[in-house]
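Commentary on secondary and tertiary structure
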Amino acid sequence: MEEVKPIIEESWLEVLKSEFESEYFANLKSFLVEERKHYQCFPKGKDIFSAFWHTPFHDVKVVILGQDPYHGVGQAHGLCFSVPEGIPCPPSLVNIFKEINSDLGCNIPSTCGTLTGWAKQGVFLLNTTLTVRAHYAGSHFGHGWEQFTDSVIRKLSEQKSGIIFLLWGNPAIAKSKLIDTSKHYILTAPHPSPLSAYRGFFGCKHFSKTNEILVGLGRQPINWEQTR
């Protein structure tokens, strides 16, 4: 059980207490324990809840919603689209940096790296499924993570206001139904993967639009160039 013990900042532990005590979450933990007996899974147990550690509940200003973690060795570390320092930049993250460069003129990093700098500024980097079997994308869908992360989105929607949700691709856009648009903002676009980025992710200007909304709310804009 130690492998999936939540390592989360205190405000999230309080908000999600009922989820961690639920039957479905107990079943999810049992599934993960069995998976790890037979397969390599990502990210490491200590990193599964990294998004919750780096961005406390009360600090969330922006939500970027991914799907499941990267399934290659060494890539996943608990923040959607992000990879640890020294790991080659995945194509979707390359395209994100290209759009930021086009939108805001920010430099494209010469070497890829973690997005923890965004997380520390209030950008909550959430995957809808928090674990994956090595080399098998989508392998942990349907075992409870979606119920958990749907609840996370609902609690953000219900208990906070003025959050900007960046929903890229149809699976993320489908989560719009969980968000109260009378008090939050939703920006949608195709997924930044090479398969779809040219269908509208490039040119979406979500990064400048996000900062315009934040400034309009009297809040500090995100320094998108500060990735570390």
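Structure's up top.
This report concerns the structure included in the present document. (Residues numbered from 1 in each chain as written. Predicted model: local features only at pLDDT ≥ 70, side-chain atom pairs only at ≥ 80, totals over all residues. Heavy atoms only, no water.)

**Points about the packing of helix H3 (residues 23–38) against helix H7 (residues 145–159)**
Cut-off, in case you're wondering: The angle between two axes is taken between their N-to-C directions and runs from 0 to 180 degrees, where each axis is a line fitted to C-alpha atoms and a helix contributes only its stretch in contact. Numbering of helices and strands runs from the N terminus; a helix is a DSSP stretch of H or I covering at least four residues, while a strand is a stretch of E covering at least two. Comment on the angle field: the value is read as roughly parallel under 35 degrees, roughly antiparallel over 145, roughly perpendicular from 65 to 115, and oblique elsewhere. Left-handed describes a crossing in which the near helix is turned anticlockwise from the far one by less than a right angle; the clockwise case is right-handed. When checking whether two residues touch, look at their non-hydrogen atoms; a contact exists if any pair is within 4.5 Å.
Here H3 crosses H7 at 130°, and the two axes come no closer than 9 Å. Here H3 is positioned oblique relative to H7, judged by the angle of their axes. In this structure, the crossing between H3 and H7 has a hand that is left-handed. Of H7, the residues touching H3 (which contributes Tyr 24, Phe 25, Leu 28 and Leu 32) are Trp 145, Gln 147 and Phe 148.

**Brief notes about the environment of Lys 175**
Its location among the elements puts Lys 175 in the loop between helix H8 (170–173) and strand E6 (185–189). Along the primary structure Lys 175 and Ile 153 are separated by 22 residues, whereas in three dimensions their C-alpha atoms are 8.2 Å apart. If sequence neighbours within four positions are ignored, Lys 175 has contacts with Leu 65, Thr 128, Asp 150 and Ile 153.

**Observations concerning the packing of helix H5 (residues 91–104) against helix H9 (residues 206–216)**
Put simply, the rule reads: Classification used: nonpolar for Ala, Val, Leu, Ile, Met, Phe, Trp, Tyr, Cys and Pro, charged for Asp, Glu, Lys and Arg, polar for all others including Gly.
One can describe the packing of H5 onto H9 by two numbers: an axis separation of 8 Å at closest approach and a directional angle of 60°. Regarding the angle of H5 to H9, the classification is oblique. Across the interface between the two elements, Ile 96, Glu 99, Ile 100, Asp 103 and Leu 104 from H5 touch His 206, Phe 207 and Ser 208 from H9. Residue classes in the contact of H5 with H9 are distributed as four nonpolar, two polar and two charged.

**Some thoughts on the packing of aromatic side chains**
Formally: In this scheme Phe, Tyr and Trp rings, the latter by its six-membered ring, pair at centre separations within 6.5 Å, and the angle between planes marks the pair as stacked below 30 degrees, edge-to-face above 60, and tilted otherwise. Under the scheme applied here, a residue whose accessible area is under 20% of the maximum for its type counts as buried, over 50% as exposed, and between as partly exposed, the area being computed with a 1.4 Å probe on protein chains only. For a Lys NZ or an Arg CZ to count as sitting over a ring, it must be within 6 Å of the ring centre and within 35 degrees of the ring normal.
Scanning the entire structure with this criterion turns up 23 aromatic pairs. Centre to centre, the rings of Trp 12 and Phe 52 are 5.0 Å apart; their planes meet at 80°, and the pair counts as edge-to-face. Residue Trp 12 is located in helix H1 (residues 10–15), and its partner Phe 52 is located in helix H4 (residues 50–54); the two are separated by 40 residues in the primary sequence. Taken as a pair, Trp 12 and Phe 52 share a single burial class, namely buried. On the numbers, 6.0 Å between centres and 50° between planes, the contact of Phe 52 with Phe 148 is tilted. With Phe 52 in helix H4 and Phe 148 in helix H7, the pair connects residues that are 96 residues apart, well separated along the chain. You can call Phe 52 buried: its relative accessible area is 1%. On the basis of relative accessible area, Phe 148 is assigned to the buried category, the value being 0%. Members of the aromatic cluster, connected to one another through ring pairs, are Trp 12, Phe 20, Tyr 24, Phe 25, Phe 49, Phe 52, Phe 57, Phe 124, Trp 145 and Phe 148. The lysine or arginine in question, Arg 133, covers the ring of Tyr 39, its NZ or CZ lying 3.6 Å from the ring centre.

**Digging into the state of the cysteines**
Convention followed: We call a pair of cysteine sulfur atoms a disulfide whenever their separation is within 2.5 Å.
Counted by the stated rule, this structure contains zero disulfides. Just so you know, Cys 204 is unpaired, no disulfide at all, and the nearest cysteine sulfur is the one on Cys 106, 14 Å from it. With a relative accessible area of 7%, Cys 204 lands in the buried category.

**Examining the side chain of Thr 55**
On the secondary structure map, Thr 55 appears in the loop between H4 and strand E2 (62–66). Residue classification places Thr 55 among the buried residues on the basis of a relative accessible area of 0%. The residues contacting Thr 55, other than those within four sequence positions of it, are Trp 12, Val 60, Ala 119, Gly 122, Val 123 and Phe 124.

**Focus: empty space enclosed by the protein**
To find leftover empty space, a probe the size of one water molecule is rolled over the atoms. Which entries qualify depends on this criterion: For each structure, a 1 Å grid was placed over the protein atoms alone; sets of points admitting a 1.4 Å probe that cannot get out are labelled cavities, open sets with protein on both sides within 12 Å along at least five of seven lines are labelled pockets, and lining residues have an atom within 4 Å of a point. Grid points are joined across faces, edges and corners, and a volume is the space filled by probe spheres set on the points.
All chains considered together, the criterion is met by two cavities of 30 Å³ or more. A volume near 50 Å³ is recorded for the largest cavity. Looking at the largest cavity, the residues that line it are Ile 48, Ala 51, Phe 52, Pro 69, Gly 78, Leu 125, Leu 126, Asn 127 and Leu 130. Of all elements in the fold, only H4 and strand E3 (123–127) reach the threshold of two or more residues within the lining of the largest cavity. Looking at the lining of the largest cavity element by element, the count peaks at three residues for E3. Among the residues forming the lining of the largest cavity, the class breakdown is seven nonpolar, two polar and no charged. Considering only enclosed or pocket space, the second largest cavity measures out at about 40 Å³ in volume. In terms of lining residues, the second largest cavity is bounded by Phe 97, Ile 100, Asn 101, Cys 106, Asn 107, Ile 108, Pro 109, Trp 224, Glu 225 and Thr 227. Residue classes in the lining of the second largest cavity are distributed as six nonpolar, three polar and one charged.

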